[in-house]
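Take a look at the letters that make up each chain.
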Amino acid sequence: MRLLVIEDERRIAELVAEGLRQASFVVDTVATVADAQAALELTSYDAAVLDLGLPDGDGLRLLTALRRKPDTPPILVLTARDTVEDRVAGLDAGADDYLIKPFAMVEVVARVKALLRRPGGPLGVRLEAGNLVLDTVGRDVEVDGQVVPLARQEIAILEHLIRRLGRVVPKAVLEEKLYGMGDELGSNAIPVHVHHLRRKLIEAKAVCAIHTVRGVGYFLEEQA
Amino acid sequence: MKRASWPRSLEGRLLLRLGVLLGVTLIGGLASGIGAALHAAKTLADDGMADKFVAEFMGDVGWMFPVLTLAVLVIAAWTLRASLKPLRAVSTQAAAITPGAIAVRLPIEDLPLELQPVVMAVNEALDRLAKGFETQRQFTADAAHELRTPLAILTAGLENLPTTGEIERLRLDAERMNRLVAQLLGVARLDGQPLDVSQTVDLGEVAARVVERFAPLAAKTGCSLAFEPAASPVLVTGNTDALGDAIRNLVENAIAHSPPGQEVTVGVDTAGAVWVVDQGPGVPLEDRDRIFERFWRSRERRGSSAGAGLGLSIVAEIARAHGGTIAVMDTPQGGARFVLDVPLAPSVVGSRDTDL
């Protein structure tokens, strides 16, 4: 998968590119708005990492311009700005996600993968976490190549947890998704489904675990 | 001490003086009028014309005195009220100036000429203040950028190296440095610019977002994080970002003091309080006042590399800026319970839905 890193600070560009390459992505780097536009015209990228402070123009304006075109890849914004207004401006301009410097490289890789795991993204069909693979088209789940029998609702919950791997999915969001499937939802429905799902994953020896954040929701964590 | 009876308003003073003047004129005028009339009456008495003269005097001139008096008073009051009315508008505008909304300037167009210099001087003072705030804001933003970029390079560089014991220690050092810089910038921001605490904030929502964000990090240290929402949205007057910062610092502090495997609980109650409870050793009585001071660290932690003693001072600062309080107490299990209290929004405008 090919990524574009748009960053004028040479050392950061090198390091981000290096970190992403170690995660087996193909990475191009550019340092200006003009070069970024040219690169995006010529090559089809799966995602872009954009620094907001570029020498020949504001990254936010590039973001707005890109968003108006079809087929723009998802964009992760990196910035040293951290006030609310800046964040709101970034998300309004069409950033798909946001990281504030100094960031952890693992976090950059995780966020880029999350963007690629979105429905319609290049990693959006076969979702992976540890030794677990969820096929979103075939609707089945394998651990180490062995199919794990899961109920329809359990697969739906797992899908949302994998798409936001390592980040909390609020219970209300899961309820909304299951409600959309036309199910009758008791107040206990989600905890019961998660309980069964967790037990089945442990039995299948999956190296990822579902954590409960009481009062908020759940998150899936890959285990080392 | 102020003088009790003398009127302090312009209108009151003017009316009082005019009234006195008119009174004196009236009495003087009447006295001399009556004297002249008496004198005339005496000479005319023989002719039997006195009654007729008095009747004519009252009919022609006398009635004008009270009418004139009344007219002068009415005109004076009306003129004053009309010319000072724009001052009301100025006061209303001035009341709207808060630390977060310093762009407001007072209108001078309709003011009487005498009052314009005062209002203009106030406007100029506001300009100077706004410029000062802006310089400070710009400096903090620049400093943030200048410090964060090299730190980001250092952090990412260390992460790309193969993991060894020494590299792992350096990564922890860099992480500590990152945290310290972030906190120092937070402190600088709080010191340099007044906080806009006029937003209506759902405290439960803010706390839930912090828990959401920190739960995965807590899991990495072996703790779990839980949230106990209030029964309904808790609307307070404040600053969303700053309150999030305060809760985040309390949560980070609780995680740092929690033994692995224990739960840190964050809760909100409808009185406008957020509490964070950990199962750690608790805070000894003698430290409870000092724990919120800048750079203060407990005896056990002074030699260690953990924490710079800024987090809780930031919480205290944010509580103060909101006109709220922060306190620490024991839990029956021996852990610490931090309670951040913020004033509720004066009137609950509408009712908002929450996620949970």
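Residues numbered from 1 in each chain as written. Chains lettered and ligands numbered in written order. Predicted model: local features only at pLDDT ≥ 70, side-chain atom pairs only at ≥ 80, totals over all residues.

Caption draft 1: Just the overall build of chain B, in detail. A tally of helices and strands in chain B yields 9 helices and 7 strands. Put simply, chain B has 356 residues, and 25% of those count as buried. (Helix = DSSP H or I, 4+ residues; strand = E, 2+ residues; numbered from the N terminus. Buried ≥ 20, exposed ≤ 12 C-beta atoms within 10 Å, placed from the backbone.)

Caption draft 2: View of the interface of chain A and chain B. The partner chain B presents 28 residues to the 31 residues of chain A that form the contact. Listed by contribution, the elements that provide at least two residues to the side of chain A that touches chain B are α1 (10-22), α5 (105-116), α7 (171-180), β13 (208-213) and β14 (217-222) of chain A. Here the element with the most residues in the side of chain A that touches chain B is α1(A); it accounts for 7 residues. Its residues assigned to classes, the side of chain A that touches chain B shows 16 nonpolar, 5 polar and 10 charged. (Contact = placed C-beta atoms within 7 Å. Nonpolar A, V, L, I, M, F, W, Y, C, P; charged D, E, K, R; others polar.)

Caption draft 3: Inspection of the domain arrangement of chain A at higher detail. One can read the domain layout of chain A as domain 1 (2-116) and domain 2 (126-222). Each of domain 1 of chain A and domain 2 of chain A has a C-alpha centre, and the two are 30 Å apart. (Domains from an automatic or database assignment.)

Caption draft 4: Molecular detail of the sheet that holds strand β9 (residues 132-135) of chain A. Residues and elements named next belong to chain A. Spatially, the 4 strands line up as an open sheet ordered β8-β9-β10-β11, and their pairing is antiparallel. With one partner strand each, in any of the chains shown, β8 (126-129) and β11 (146-148) form the two edges of the open sheet. Each neighbouring strand pair of the sheet contributes to a mean axis angle of 30°, computed without reference to strand direction. (Pairing = 2+ DSSP bridges. Axes fitted to C-alpha atoms, helices over the stretch in contact; angles between N-to-C directions.)

Caption draft 5: Just the sheet that holds strand β5 (residues 273-277) of chain B, in detail. Residue and element names in this part refer to chain B. Reading across the sheet, the 5 strands line up as β2-β4-β5-β7-β6 and stay open at both edges, with mixed pairing between neighbours. Looking at which strands have only one partner, the edges of the open sheet turn out to be β2 (224-228) and β6 (325-330). Neighbour to neighbour, the strand axes of the sheet diverge by 15° on average, direction disregarded. Against the sheet, helix α6 (residues 203-220) engages β2, β4 (263-269) and β5, with an angle of about 165° to β2. Of the strands in this sheet, β6 and β7 (336-341) are in contact with helix α9 (residues 311-321), which crosses β6 at around 130°.

Caption draft 6: Spotlight on the domain arrangement of chain B. When the domains of chain B are assigned, the result is domain 1 (10-95), domain 2 (111-194) and domain 3 (196-356). Within the side of domain 1 of chain B that touches domain 2 of chain B, the residues separate by chemical class into 3 nonpolar, 1 polar and no charged.

Caption draft 7: Representation of the packing of α1(A) against α5(A) in the model. Residues and elements named next belong to chain A. Running from N to C, α1 and α5 point in directions that differ by 60°, and their axes come no closer than 10 Å. As summarised for this structure, α1 and α5 are arranged oblique, according to the angle between their axes. Seen from above, α1 lies across α5 with right-handed handedness. Touching Val16, Gly19 and Leu20 of α1 are Met105, Val108, Val109 and Val112, all from α5. Among the residues making up the contact of α1 with α5, the classes are represented as 6 nonpolar, 1 polar and no charged. (Parallel < 35°, antiparallel > 145°, perpendicular 65-115°, else oblique. Left-handed = near helix turned anticlockwise from the far one by under 90°.)

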